[in-house]
Every structure is written in C-alpha cells, then in structure tokens.
Amino acid sequence: MVEDGLWSFEWLFDGYPFDTDYAPGAFLIAQGEKIWLAPLVIPLALPLLALRRAKSDPGYARILILSGALGFGWLIAQGFGIGIRGFTYDWLVAFFGELEDRQFGMGYGAMICATAFLFLLTQGIAARGAINGDVFVVSAIGGVIAIVTAFVFFPIAKMLFAAFVTEDGAYSLSVFFAKFFDDRLWGLGCLWGARCGAAWNSLFLAIAVGFITTALGLCFALVATRSGFRFKRGLRALTVLPIITPPFVIGLALILLFGLSGAVTQFVADLFGIPPTRWLYGLPGVLIAQVLAFTPIAFLVLIGVVEGVSPSMEEAAQTLRANRWQVFRTVSLPLMRPGLANAFLLGFIESMADFGNPLVLGGNFDVLSTEIFFAIVGAQYDQGRAAVLAMVLLFFTLSAFYAQRVWLGKKSYTTVTGKGDAGVHPLMPVGLSIPVLTIALSWAAFTIVVYAMILYGSVVELWGVNNTLTFKHYVTAFSLRFEEAGIRWTGAAWDSFWTTLTIAALAAPLTAAVGLVTAYLLTRQSFAGKNAFEFGTMLSFAIPGTVIGVSYILAFNVPPIEITGTGIILVISFIFRNMPVGVRAGIASMSQLDKSLDESSLTLGANSWQTFRRVILPLLRPAILAALVYSFVRAMTAISAVIFLVSAEYDMATSYIIGRVENNDYGLAIAYSTTLIFVMLTAVGLLQLLVGRVRIGRRTQHGTEAHP
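Residues numbered from 1 in each chain as written. Predicted model: local features only at pLDDT ≥ 70, side-chain atom pairs only at ≥ 80, totals over all residues. Heavy atoms only, no water.

Before going further, it helps to spend a moment on the overall build of the protein chain. A count of helical and extended segments in the protein chain gives 31 helices and six strands. A buried classification covers 50% of the 708 residues belonging to the protein chain. Considering only residue pairs separated by 6 or more positions, the protein chain has 72% of its internal contacts joining residues 24 or more positions apart. For the protein chain, the exposed surface amounts to about 34,400 Å²; the carbon and sulfur share of it is 65%. (Helix = DSSP H or I, 4+ residues; strand = E, 2+ residues; numbered from the N terminus. Buried < 20%, exposed > 50% of the residue type's maximum accessible area, 1.4 Å probe, protein only. Contact = heavy atoms within 4.5 Å. Areas by Shrake-Rupley, 256 points an atom, 1.4 Å probe, with all protein chains shown as cover.)

Structure, rendered in structure tokens:
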C-alpha cells in the first residue's frame, strides 16, 4: 500500500496475497471484487499469439501494438473512471449504475503492469520499422514520454482545471474570473499609498532581481576573466556558498544585521540616535536577500560565456586600431548576449519561485509564491485560488522564456570553431575596470559579512538579547548518545536530516539517469516530434517549484496515483524539477562527441543499448557527476515545492527550519542551516576531486604555460 511507503514491504508479511487491501488483481477478480480489472487479462494474454512468429512478420507487430495499446488504455481509463467514491463521472453512474466498491491508488502491481504494456507497445512500434527497428531507442522515447506526461503535463493540467471548479464540484468560468480579477491579485493600490496586488509585486521584484543579478554576475565574471585581480580563486569560491545555502537562510542573516535587534541597526541607533524601524520587512529586504542568493547563478552562467568569446576576434579588432573600450563595446559585449539573456531569465524565474525569503522578510509585501502557500495551508484552504495564482505565476515565467527567445532572435553567436585558438582575452579598459572592481569587491565583502553573521548567529544564546557564545543550538539539533544497543540519535533535527539525505540520495541518480537518456535521444537520434519532445522535457525548468507543489497536491491526492504524504512524491518532484539540468549537461557533453564513435560501434555489431552503455556513458563522466551533485544539492536545499509535499513521516530539513523560524527559534534554525552548508560544501568538494578541471588553453594572460 502507498500509505506504508513505496519502499516499505511490510505488506508482504501482512496477509499477502489474501488480504483484500494488498491482494493482486487476479485474487480480487477470483473473489468477485474489483471486476473492472478483469478486461486486463485479454491484453496480457494476447502476446502469447506472437511467440512463434518472426519479428519480420507484420502480424507480430500488430499483436504487440494491439496488446500494449489496449492494456495501457484500459489501465488509464479505469484509473480515472473509478475513484474513492466509486464512479468519477455522472455519465458512468447513469450507464452502469451506482458502484458500491472503491478504488485505491495504484501500487507496485499497476506500475509493473503499466510498464509491461508500454514495453509491448514500443516493441511493436519498433518491429514495424520505427527508428530503424531499434527497440532500445523506441522504448526509451516511449518511457520518457510516459513519465513526463504523468509527472509534468498531468499535474499541470489538473491544476489548470482546478481553477474552474466550483464548491459543488462543477466547472464554471465565473468562478475562475472571480478569483482571477481579485484586487489582492491585481490591485494597484500602491499607486496611492495602499498595498499593491501580489502579481504586480512579484513581477516588479522578479524584473529588478533579474537585472541586478545579471549586472552583478557580469561584474564578477569580468573580474575573474578580464582583470589582473590576484584573488580570483577566492572570488570563485565565494560564489558557491549561496548556491548550497537553503534559500531563506540569507533572509535570516539579514534580520541579524538589519532587523530591529540587528547589529547594524543597533549600531546606527546608538551612534546617531535614530530609532530602529522595520524597513527591512518588505520589498527592500526581499530584494537584497534574493540578489544575494541568485547573483552566483548569474555568475556561473556568464563566466562560461565571457570565457567562450574567441580571443582571436578581439585581437582582430585591436589590429584594426580599436581601443580596449571599443573592443569591449562592439565585439565582446554583443557576443555575450546569450549569456546575459540566460542569466536574466534564471534570476527572473528564481525570484518568481522563491518562497523562503518572502516568507521570512515579506511583511506586508505580498508575492505570488507565499499567497499560493497560504491559500493551500491557511485557514481559507482554497485550492481554486491557489490554482489561479499558480497559473499567473506560470504565465509570467513562460512569457520570460518567450521574451528571451525573441530578444536573441536567430542570430549566430558562435565564436569557437574546431580551429586552434591560442589568443589571450584583453583586459578591461581602465574606465570600466575601476567601477566593476569596486562593485564586485563591495558586494563580495557584503556577502562575507552576511555569512559571518550566519555562523555567529548559530553560536550565540539569543541574538540581540544574550550574545553569550554557546553550542546549545547544535546540541539541541544534533545531540547523540552511545548506548549498549548502539548510537541513539537524540537531537531534534536528526529525523528530518536523515530523511533529507535519503530522499536526496535516491533522487540524484534517478535525475541523472533520466536526464542523460533524454539527452542521448535528443543529440543522437532523429524522430518525428523531436522538438515537441524536447519542449516537454524542458518544461519543468520553466515551472516554479511553488507551482509544482500545488499541482502535485491536486493531482496525486486521489487515485489513480495516490502518493501525497509519502516519500516517493518528494523523490518524483525532485527528479522532474531538476531533470532539465541533467538534460542540458548531457547535451553539452554529447555535442562534443563525434557521431563516428556511435557509427563505429554499430558497425562492429553492437546495438544502441550496448553503444550507449559502453561507449557514450564512459565519456560522459563529468556530465554525470555534475548532474548528480546539482540534483543532490537542490534536493537538500529546496523549499518552494517541498513545503507543500512534506508530511509528519517525511519531513525535510528545509521545512523543519521554516517551522523553527515561524516559532522565532532563530538560533536552532541557523545552526541547522550552517550544518547543511558544510554538508553541501563536502559534496561540492568531492565533485571537484572526482572531476578535476580540464584546461585546453596554451597561454594565460601573463604568457605562462598552462599545464594540463
């Protein structure tokens, strides 16, 4: 049963297979129960007719396609047609009469059965000659389409329909428009001093964060690549910290600095006699926190783009007597447009999806992510309103994607070809280097202060009241005791910590596997609908975590897939939230592998699966490790989707910390967050040890040799 946990097998020793709660379909049908499962026997038996047929026989393909399509179709039809209270639709009741029995959520049997039918269907399609009859490729495409449909498109569709549902379960446009045109969503009261609608607040905040993080990220990238700054390694290391930090922790650090009892607030109050205010709570605080949190992401995007501009083109401009400023303005900067657009897009989406910082620092500044949360978990419990808010959020993010594509257009920004390039990037012009260095170093110093406050806040008794140094918060969270029976984990945070590690460790390899198989299909295979296939696999990147959380609650709280409150829903949400990173990492790496490697393997008699396993995968080690570590880190620090999906049994670290913050237990929250930061630093360090750094340049800016 799902409520016992997908990886709990207690049901095997609890009356299986005779207990009606756990019995397989064959036992239930024999006992006259769940009769709607009986038709599945036909498509399960049909493949027996194909046993003695050759694969080249047209009948072989027809039998397998018929069996797979009938079985898979019936499984879906009865899954959605029969629910907790019997028939789901009135026309089924009118046609068949009332159904006295009910249907539970699908379990292992249904999952195995659905997989078998899908395999039969794809085997039949391959037998008809699709993609040269390659069973592995056709099965992989079918599998990816099935899981993306089930765990991306279906939840989003369910959320869209929920926006039109009335209190009595009917559908109505008036209900949607009443919630959509609510003043709390679109109100323009801020024009005359009142509160502004959550949609305008979110849009303005996201645009501001996108522009500021892109500008700061470019400053850091230029300092790291186009300056003579001596401490570049330290600057790069500083960019890692916010990425591996739980999203709301920076907000807590800002409270320690600028809150009513903050260090800076008290210092200014004592020095100038200015009474402390709550200026931090609202747009200023959320903006500062998000810029701190998301600038490193912009830097990581831009550093590769800035380094990727061909030095030869810049040197060519210099030989034509252009000065450094002209080279930067007319050659370098235009070629950085894709990076600038991607950095802005990431900042925009991350700001829209951010839940922790607005919750901690938002005050009366309402944004869509927190409004969605309160619509679901608040006293109102209005799923329709949450769905409408999520639709607006999704519209903003998809619009940003479209605007980015329009801005970039169809121009070519390629500067690196297969030819050797031993050029050197020119340094920034002096007029640009001074302000860029000033901005970058000032922001770096501010970041260091913020993280110093995080560490300090975890080892004081009560911030702003009693600053006595203590490890009390760490002891409360992570104490343990050695007993005769073994180690007893007595700390309050251990349960959520081990749960988080387990969920992240399960999600990471699955995320990497799905992402890399998808990348293989996109880069190495040609098939009808390839563009739509790619869009579907990348859609979850454009969907904020808040929307994922709401859509999963609406979709998976009832049969046929009833997994709300279990650990598997957390694993699935992480897989499909982070899958696009594995896809993009795989595409980037596979694009560098000549297709002649595949052709040579196939010529020597290997099939596609053997080629993928023995030739492609070993050459993708950096991409695999990058996808593994990214998905692990994101699973450890995610909050926007997690906050909706956790349960008493499966509580994650970030939701536990949010609970401590809501109870004003800042010391324990910061101590736990600091521990997570060190865990993430360890993970990133292991990645660097395993992968190392590949250097392909032959010269540096100082003319020294760069040894591999």
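Next comes the rest of the write-up.
Okay, the side chain of glutamine 123 next. Mapping glutamine 123 onto the fold places it in helix H5 (residues 108-127). A relative accessible area of 13% places glutamine 123 in the buried class. A polar contact is formed between the side chain of glutamine 123 and the side chain of tyrosine 60, at a distance of 3.4 Å. The residues contacting glutamine 123, other than those within four sequence positions of it, are Lys55, Tyr60, Leu64 and Val135. (Polar contact = N/O pair within 3.5 Å; in protein donor to acceptor, adjacent residues only side chain to side chain.)

In this section: the packing of helix H9 (residues 198-225) against helix H20 (residues 430-457). The description of two packed helices rests on the angle between their axes and on the distance between the axes. Between H9 and H20, whose axes approach to 9 Å, the crossing angle comes to 105 degrees. Comparing their axes, H20 and H9 come out roughly perpendicular. Here Leu216, Cys219, Phe220, Leu222 and Val223 of H9 come into contact with H20, specifically with Val436, Leu437, Ile439, Ala440, Trp443 and Ala444. By residue class, the composition of the contact of H9 with H20 is 11 nonpolar, no polar and no charged. (Axes fitted to C-alpha atoms, helices over the stretch in contact; angles between N-to-C directions. Parallel < 35°, antiparallel > 145°, perpendicular 65-115°, else oblique. Nonpolar A, V, L, I, M, F, W, Y, C, P; charged D, E, K, R; others polar.)

For the rest of this paragraph, the subject is the packing of aromatic side chains. Counting across every chain of the model gives 40 aromatic pairs. Ring centres of phenylalanine 136 and phenylalanine 612 lie 5.9 Å apart, and the angle between their planes is 35 degrees; this geometry places the pair in the tilted category. Here phenylalanine 136 is found in helix H6 (residues 135-162), whereas its partner phenylalanine 612 is found in helix H27 (residues 608-616), with 476 residues between them in sequence. Summarising the aromatic geometry, the rings of tryptophan 494 and phenylalanine 497 are spaced 5.8 Å apart at their centres and angled 80 degrees between planes, so their arrangement reads as edge-to-face. Taken as a pair, tryptophan 494 and phenylalanine 497 lie in helix H22 (residues 494-524) at a separation of three residues, close to a single helical turn. (Phe/Tyr/Trp six-rings, centres within 6.5 Å; stacked < 30°, edge-to-face > 60°.)

This part takes up the packing of helix H10 (residues 232-243) against H20. Packing of H10 against H20 leaves a shortest axis separation of 11 Å and a crossing angle of 50 degrees. Relative to H20, the element H10 is oriented oblique. Where H10 crosses over H20, the handedness of that crossing is left-handed. On H20, the residues that touch Leu235, Leu238, Leu241 and Pro242 of H10 are Ala444, Thr447, Ile448 and Tyr451. (Left-handed = near helix turned anticlockwise from the far one by under 90°.)

The next thing to look at is the pattern of salt bridges. Counted by the stated rule, this structure contains 10 salt bridges. For aspartate 382, the salt bridge goes to lysine 179, with nearest N and O atoms at 3.0 Å. Here aspartate 382 is found in the loop between helix H18 (368-377) and helix H19 (383-408), whereas its partner lysine 179 is found in helix H7 (residues 173-180), with 203 residues between them in sequence. According to the relative accessible area criterion, lysine 179 is partly exposed, its value standing at 21%. A salt bridge links glutamate 371 to arginine 385; the nearest nitrogen and oxygen atoms lie 2.7 Å apart. Separated by 14 residues along the polypeptide, glutamate 371 in helix H18 and arginine 385 in helix H19 bring together distant segments of the chain. Owing to a relative accessible area of 8%, glutamate 371 belongs among the buried residues under this scheme. (Salt bridge = Lys/Arg side-chain N within 4 Å of Asp/Glu carboxyl O.)

To continue, consider the side chain of serine 631. Considering the arrangement of structural elements, one finds serine 631 in helix H28 (residues 621-637). Once residues within four sequence positions are removed from consideration, serine 631 is found in contact with Ala508, Thr511 and Asn578.

With that out of the way, let us pick up the environment of leucine 359. For leucine 359, the location among the structural elements is in helix H17 (residues 356-361). The class of leucine 359 is partly exposed, set by a relative accessible area of 22%. Separated by 14 residues in the primary sequence, leucine 359 and phenylalanine 373 place their C-alpha atoms 9.6 Å from one another. Not counting the four nearest positions on each side in its chain, leucine 359 is found in contact with Thr370, Phe374, Ile658 and Glu662.

Before going further, it helps to spend a moment on empty space enclosed by the protein. Counted under the stated rule, the structure contains three cavities of 30 Å³ or more. The computed volume of the largest cavity comes to approximately 380 Å³. Lining of the largest cavity is provided by 23 residues; of these, Pro247, Glu350, Arg634, Thr637 and Ala638 occupy positions nearest its centre. Within the residue set of the lining of the largest cavity, elements represented by two or more residues are H10, helix H13 (283-308), helix H16 (337-353), helix H24 (545-555), helix H25 (567-590) and H28. A total of four residues in the lining of the largest cavity trace back to one element, the largest contributor, which is H25. Among the residues forming the lining of the largest cavity, the class breakdown is 13 nonpolar, six polar and four charged. Empty space within the second largest cavity amounts to approximately 90 Å³. As for the second largest cavity, its lining consists of Phe220, Leu235, Leu238, Thr239, Pro242, Leu292, Thr295, Pro296, Phe299, Trp443 and Thr447. (1 Å grid on protein atoms, 1.4 Å probe; cavity = no way out; pocket = protein on both sides within 12 Å on 5 of 7 lines; lining within 4 Å. Points joined across faces, edges and corners; volume = space filled by probe spheres on them.)

Turning our eyes to something else, we now look at a nonpolar patch on the surface. There is a patch of nonpolar side chains on the surface, built from Leu480, Phe482, Ile487, Trp489 and Trp498 and spanning about 520 Å² of accessible area. Structurally, the position occupied by phenylalanine 482 is in strand E5 (residues 481-483). What makes phenylalanine 482 exposed here is its relative accessible area of 65%. (Patch = residues over 30% accessible without salt bridge, like charges linked within 9 Å, V, L, I, M, F, W, Y side chains within 5 Å.)

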